[in-house]
Structures are given as C-alpha cells and as structure tokens.
Amino acid sequence: MTESLTAEVLRNALVVAAEEASIVVVRSAYSTFIVEGSDASAAILDAGGRLVAQSMATTLMNSMALKVALPELLADIPAQAMRPGDVYVLNDAYRGGVHTNDLLVYRPVFVDARPAYFTATMIHVSDLGGLSAGGMAPLATDIFLEGLQLPPVRLATASGVEPAIEAILRANSRTPDKVMGDVRALVAGTAVAATRLAALLAEHGPGGLASGIDAYLDYTEARTRTALAELPPGSHASSYAVDDDGIDLSRSHTVRVTVTVPPPGAWEARTPGIVLDFEGTDPQVPAAINSSSSQSLAAAVFAVRCFLDPAIPMNEGCLRAIDVRLPPGSLLNAHSPYPCGGRFVPIYAAMEAIFQALSDAMPDRAIAASGILQPFSVAACAAPYWIHLSYDFGGVGARAGKDGPDATGVHFGIGRNSVPQVEPVETRCPLIVESVETIPDSGGPGRWRGGLGSRTVFRFLADAHVTTRGDRLRYAPPGRAGGLPGRLGGFFKRHLDGTVERLNSKVNNVRIGAGEALIVETTGGGGIGSPADRPPADILLDLDTGKITATTAQTTYGLLPGQGRRSKAGT
C-alpha cells in the first residue's frame, strides 16, 4: 500500500512539474496565440523514450510528438555527447515532429553524469517562413513550401542560445523578435521542469524515482487494459472522407480503419488490448492534407480514450495497451517531401472513423459525426508584419442520450487551448471583432440534437492576407440512426457593399481590404435518432434558448405553433 501511495504521489508531482513548465512558456512567450490562447505543452520523458508525464491540459498531438521525436534526437546526438545546460530543438515532421512552425525543445536531466530524463516543451511559434505568415500554407505541394526545417540541433547551452541557431531562426521569420521570444520561453519551460525533477531525484534518490515511475506506468497499463476489456470483442471497420486537398477540389480523400478488440482471455502481458489498423487509407498526396505519424498516433489514442474511463492517466502505460498501425506513405504517415502542415484534416478524419467504428460496436455509447475546428490566419500584407493565428470550433455530434455540445469541436488537438479573447486580439491587431455567436438550426436534428456551429465576424482596419485550412465545409457530418446532418459552415469575405463571397475551405493569402470583413462559420454536429422522437419539451426549450427557429420546430420536428404537441407531419 505504501509503495502504491508513493508511486501516485510521484506521478502527481511529475505532472505538476510539466504543468508548471507549460505555464511558464505561456507567460513568457511573445506570440499572441500562445499568450492569449494558452497554446503550450510540456512533458517529461525518460532516456528510453517513455512518456513519464505531461502537463494537465497538454494536447495529445503535442505529447505524442515529443515522445516520438526523442529517439530521433538521440539517434543524431548521442546521450554521451550531451552536457548539463544543453537544450536541443527539432521540427522535422518525418521524425516525430508536427510541422515546421511547431518547435520541439528538450533538456537532458542527468543522473550519474548521464542523461536519465528529458524535460520537453513545445509551441507553435509565430512564423518560420513558408507560403504564408504563421505557418499555415494550405496550398503547399511539398514540405519546402511550409517553412524552415530543423533536424535535431543544439539550441542552447548553459551560456544561452546558440548564436548560429538564433541567426538561422531570425533569417527565416517574418517576426524574428517574436520567434526568439517564443524560443526563450520554450527554453525557460524546460529549465523549470528540470529543476522540479532534480528536486524529486534528491528527495527519492535515482532508484526510488525510477521504481516509482515503473510502478505507476504499470498501474496505468493495468487500468487501461481493464477498461479495454469492457469493450465488446470483435472487429469493426469504418471510414471518413476529407472534403478535398485544396488543389483538386473535385476529389475527396478517405481515411479507413479497422478496430479490433480481442477477447479478454486472449490477452497476454505486453500484447495490445486494442488494434487500430489504418490499412486501406488513401495514399499521401502533394497537398497539405497529410499527417506525420506522431499526429496520427495521437488521434488514434485520443479516440480510444474517449470510450474509456477518463480518470486513467495519460502516459506510457496507456500506450502499451494500444496498437496503432499506420501504413507508410499514406495520408496518416507521410514521407518526404509531402507536406504535413494540414495534419488536422486527416487526423480528424481518423478520429471520426474510430468514433463511428466504436459507436457501431456500442450503440448505447454512440456519438454522431462532429463539426471540427476551422484554423485560419490573418496577417499584414507587407512589413512590418503582424499575425493573428486562430480557429473557431464546430458543434460536437449528438451522443446517445445527450445533445451535442455547442461550438466546442472535438478536443483532440486542443487541450487547454482556447479561442483568444476579443479585447487582446483587437489590441494587438488592426481589426474589430464585430460579433461572436452560435448559429440557430446548425445542429443536426434528431432525438438528440447535434451541437451548434458558430459565426465570428472580423472587420479589418487595414488590408490583410487571410489564409484558411478548413474541412467538413463541403460534406456535412452525418447523423446516426435516423438523425440528420449538421449545417455546413464556411469562410466568407464581406465586401464593402455588403455582398458576401464564399471562399474555398483552403485558401492562401486572400487579400481582404480595410473595411471589409472575414466571416468564419463552423459546421454543426450530426444528430442521433429520428427528429420525430424528440420530446416536445426539448423542442420548446431549444426554441426558448434560440438553438432552433420556429420554422425548424414546425417543419423538421413537427411542433405546431403555440402548442407543445406535434403536427401530423411530425408524428
């Protein structure tokens, strides 16, 4: 009992150390999106590449990148060549990274003169070149158009940032001062976590800390396997399509998965409790809708965890029980020189395919398809550059027994991150946020209604370039079991005369003049069950709260005007 308690205390202490590191990064960074959107992650790993702990709200896409990339760092820079105070960086998407603007920073923590652990931080820095400011480049046809690539290199020593690396970063950024402010914030975060880890080593001793970590990783694995054993055994196949790749608008691309849960009696130690095989997924394309393997791994693990006990910790123990198979050269495991910046698009499709496969297996825990986050950037047309990176959230699909949440997206990639508040954005950028609202009737009708999408209007006070990377804006998220699809969103340009022009979902550097506006609408989630089965009280509540209009209440749900009963058309 004492040993289990010690392991749990250590686990929480390490999580807090990682959380403190991420907070330091947020409070020290220069980029608006990091400071106002809390877009920072931190993790602690051991020299064997195991994920020991991550900050409380770290996105899985970031912690999986930090995990997958560490062995690549050690392959290029052996542990014996590292010295106290050294800090390393990379952003290579094909070696565990995400895309060029996401910097992965590592600091070794030494035991007996050798690195035993690594503290790591990661953020999307303001700009590292590429087709458009902020690292979006939705129309990139190869990785070189997405920005500067960094193999594993030493970023800093005990004396400070390496001058040559700083020169390279500055030379490749439209916002060099902000980038270096972000980089120093990343370095500071690793230092704070390393200090906390050193204190734990002093308190428990190297052996005590190592055995405590082993114990709670084993505990996490056992809990994960117990939860997986509650899933019905068998195989379920599903797929989900990407609207288009932004270049060939006539062609969609499909992610396919087979989810296999073995019978509990067939499990053995260190064998997977669930297999997620993406064989059959469409091949990589010369467009920005591919993903690196670390991001696809994160999507798969997140989707499975949505059907498990949410109290299970996220660390290496959880990963041991999940086998994710990503075909090389596919949309989910791209190889050079195919671009990876649009990784959200295929990995959200992967998540949705898993959600629907497990919903088929467990209809009582089903979820309909969701609207997803819609990333976009707004930037100055010429120097001096200002950049606003953001996204808005779609409506979540209805759950069996519950309506879908409004305008929250599916939070795989988001974690703590939030849409930056209006006032700081208006202070830092020449624009006015005219309105932020949910869209009535955008949630897919059903016995359980899908979550609503949102509408945000940005009016520009200076000319700006707008870049978008949207999806599920052409093919609506479908409902389940008689539920209807969500309403499609989109990106729109409002001209000075008030006319509104729909933009493609993936556009690069569309010029919007001063006085004109960008309208961002997100897609609603699908519904579950026939709308005819929705209780009149729920329909009336939706009317009262503005979630649906009177027209939808009458024509889709069959509610008579002024009455709490259905028309014959709705019975």
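Above this text sits the structure in question.
If you're wondering where the values come from, they're calculated on a predicted model, not measured in any experiment.

Rules of the game
Residues numbered from 1 in each chain as written. Predicted model: local features only at pLDDT ≥ 70, side-chain atom pairs only at ≥ 80, totals over all residues. Heavy atoms only, no water. Pairing = 2+ DSSP bridges. Helix = DSSP H or I, 4+ residues; strand = E, 2+ residues; numbered from the N terminus. Core = buried A, V, L, I, M, F, W, Y, C linked by side-chain atoms within 4.5 Å. Buried < 20%, exposed > 50% of the residue type's maximum accessible area, 1.4 Å probe, protein only. Contact = heavy atoms within 4.5 Å. Axes fitted to C-alpha atoms, helices over the stretch in contact; angles between N-to-C directions. Parallel < 35°, antiparallel > 145°, perpendicular 65-115°, else oblique. Left-handed = near helix turned anticlockwise from the far one by under 90°. Nonpolar A, V, L, I, M, F, W, Y, C, P; charged D, E, K, R; others polar. Salt bridge = Lys/Arg side-chain N within 4 Å of Asp/Glu carboxyl O.

1. Observations concerning the pairing of strand β10 (residues 274–277)
Here strand β9 (residues 253–261) runs beside β10; their pairing, made up of 3 bridges, is antiparallel. Across the sheet, residue threonine 258 finds its bridge partner in β10, namely aspartate 277. Where β10 meets strand β11 (residues 322–325), 4 bridges bridge the pair, whose relative direction is parallel. Bridge pairing links valine 275 to aspartate 323 in β11.

2. Brief notes about the nonpolar core
In this structure, Tyr106, Leu276, Phe278 and Ile354 are the most contacted members of the largest nonpolar core, which totals 85 residues. Residue contributions to this core peak at 13 residues, all from helix α8 (residues 344–361). In contact with phenylalanine 278, other than residues within four places in its own chain, are Val255, Arg256, Val257, Ala300, Val324, Arg325, Leu326, Pro327, Leu332, Ala350 and Ile354. Of all hydrophobic cores here, the second largest spans 26 residues; its members include Val25, Ile123, Leu150 and Val183.

3. Focus: the pairing of strand β13 (residues 387–392)
Note on strand geometry: in a regular strand, side chains alternate between the two faces of the sheet. Of all 6 residues in β13, 6 are buried, a share of seventy percent or more. Alternating residues of β13 divide into Ile387, Leu389 and Tyr391 and His388, Ser390 and Asp392, and every residue in both groups is buried. Where strand β12 (residues 374–380) and β13 come together, 6 bridges link them in antiparallel fashion. Of the residues in β13, the one forming a bridge with serine 377 is leucine 389.

4. So, the sheet that holds β13
Pairing is antiparallel across the open sheet formed by 4 strands, whose spatial order is β13-β12-β16-β19. Among the strands making up the open sheet, the edge pair consists of β13 and β19 (506–512). For this sheet the average axis-to-axis angle between neighbouring strands, irrespective of direction, equals 20°.

5. Let's talk about the packing of helix α3 (residues 60–76) against helix α6 (residues 293–305)
Packed helix pairs are characterised by how far apart their axes lie and by the angle those axes make with each other. The contact between α3 and α6 brings their axes to 8 Å, and the two run at 130°. Compared by their axis directions, α3 and α6 come out oblique. Here α3 and α6 pass one another in a crossing that is right-handed. Across the interface between the two elements, Leu60, Met61, Met64, Ala65 and Val68 of α3 pack against Ser294, Gln295, Leu297, Ala298, Val301, Phe302 and Arg305 of α6. Its residues assigned to classes, the contact of α3 with α6 comprises 9 nonpolar, 2 polar and 1 charged.

6. Let's talk about the pattern of salt bridges
Scanning the entire structure with this criterion turns up 39 salt bridges. Two residues, glutamate 221 and arginine 225, come together in a salt bridge whose shortest N-O distance is 3.0 Å. Highlighted residues: glutamate 221 and arginine 225, both in helix α5 (residues 176–228), separated by 4 residues, approximately one helical turn. Taken as a pair, glutamate 221 and arginine 225 share a single burial class, namely buried. Linking lysine 506 and aspartate 471 is a salt bridge whose minimum nitrogen-to-oxygen distance equals 3.1 Å. Here aspartate 471 lies in the loop between β16 (464–469) and β17 (490–494) and lysine 506 lies in strand β19, a separation of 35 residues in the sequence.

7. Quick word on unusual backbone geometry
A negative phi holds for most residues other than glycine; trans holds for most peptide bonds. Proline 337 follows serine 336 through a cis peptide bond whose omega is 5°. Residue alanine 383 is joined to proline 384 through a cis peptide bond whose omega torsion reads -5°. By the secondary structure assignment, proline 384 is in the loop between β12 and β13. The backbone of asparagine 509 sits at a positive phi, close to 55°, despite the residue not being glycine. In this fold, asparagine 509 is placed in strand β19.

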